[in-house]
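# Structural overview for review
Residues per chain are reported as follows:
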Amino acid sequence: MSNYRVAVRYAKSLISLAIEQNKLEKVKTDIDMLNALCVEVRPFLNFLKNPIISNYKKLDVLKKLFENKIDELSYKFIEIVTRKNREDILPEIGEEFLKEYRIFKNIEIVAITTPIELDEDLKNEFISLTRKIIGKEKKVELKEDVDKDLLGGFILRIGDKQIDDSVSSKLRDLRKKLIVS
């Protein structure tokens with residue numbers, strides 16, 4: 001079975017348990033921390049994925065890192081995954097957990113790329129625009145990216161849809177029209 005499918009199964013199990021035990025927000029906070037650790041501390045990720053280090057040694061290190069510092073459900077989950085020799089896919093499980101969390105909470109991730117950092121008024125405008133597109137019942141989580149090469153305008157990504165209203169794309173379109181003419 002592929003790592004992706006295994007990660008999805010583990011993530012669905014964890015979210016089900018967290019909902020059942022009324023610990024969803026606590027577990028989400030723990031998973032956010034684990035994901036950040038995997039992204040920001042490269043040696044930690046390499047440690048998890050290293051096949052030479054036994055899972056018992058990995059379990060010992062994970063115990064020192066997490067025991068009594070995260071929710072018991074989260075810790076037991078990490079412990080079980082490690083005992084099953086699947087600790088190398090903990091980052092993938094974390095990502096899949098967050099996808100399942102967003103589905104459960106009805107949250108849509110929207111990526112906005114602009115040439116400048118957005119102030120609160122502009123963020124709220126983009127959130128309103130997004131709600132008109134996807135429906136008012138969904139919550140919107142805005143992920144910002146600043147790209148100075150855009151010159152002006154914005155690129156808005158909602159799921160697999162993209163609205164490119166940037167000056168760069170308009171200049172590209174104009175160049176194509178001039179070349180064809």
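Residues numbered from 1 in each chain as written. Predicted model: local features only at pLDDT ≥ 70, side-chain atom pairs only at ≥ 80, totals over all residues. Heavy atoms only, no water.

## So, the layout of surface pockets
With a probe scaled to a water molecule rolled over the atoms, the places where space remains empty come into view. The calculated volume of the largest pocket comes to roughly 200 Å³. As for the largest pocket, its lining consists of 13 residues, of which Ser 13, Leu 17, Lys 76, Phe 77 and Ile 80 are closest to the centre. Those elements that provide at least two residues to the lining of the largest pocket are α1 (3-20) and α5 (72-83). Tallying contributions element by element places α5 first for the lining of the largest pocket, with 6 residues. A per-class count over the lining of the largest pocket returns 7 nonpolar, 2 polar and 4 charged. (1 Å grid on protein atoms, 1.4 Å probe; cavity = no way out; pocket = protein on both sides within 12 Å on 5 of 7 lines; lining within 4 Å. Points joined across faces, edges and corners; volume = space filled by probe spheres on them. Helix = DSSP H or I, 4+ residues; strand = E, 2+ residues; numbered from the N terminus. Nonpolar A, V, L, I, M, F, W, Y, C, P; charged D, E, K, R; others polar.)

## Details of helix α2 (residues 24-40)
Helix length check: α2 (17 residues) gives 24 Å between terminal C-alpha atoms against 24 Å at 1.5 Å per residue, within 8%. Along α2, the residues that are buried comprise Leu 24, Val 27, Asp 30, Ile 31, Leu 34, Asn 35 and Cys 38. Along the axis of α2, the buried positions cluster into a sector of 135°, meaning they face one direction only. Exposed and facing more than 90 degrees away from the buried side of α2 are Lys 26, Thr 29, Val 39 and Glu 40. Buried residues in α2 make contact with α1, α3 (42-49), α4 (55-66), α5 and α6 (90-105). (Expected span 1.5 Å × (residues − 1). Buried < 20%, exposed > 50% of the residue type's maximum accessible area, 1.4 Å probe, protein only. Arc of directions from axis to C-beta. Contact = heavy atoms within 4.5 Å.)

## Topic: the packing of α2 against α3
In the contact formed by α2 and α3, the axes pass within 5 Å of each other and the chain directions differ by 100°. Between α2 and α3, the crossing angle belongs to the class labelled roughly perpendicular. Facing α2, whose interface residues are Leu 34, Leu 37, Cys 38 and Glu 40, α3 presents Arg 42, Phe 44, Leu 45 and Leu 48. In the contact of α2 with α3, the residues fall into 6 nonpolar, no polar and 2 charged. (Axes fitted to C-alpha atoms, helices over the stretch in contact; angles between N-to-C directions. Parallel < 35°, antiparallel > 145°, perpendicular 65-115°, else oblique.)

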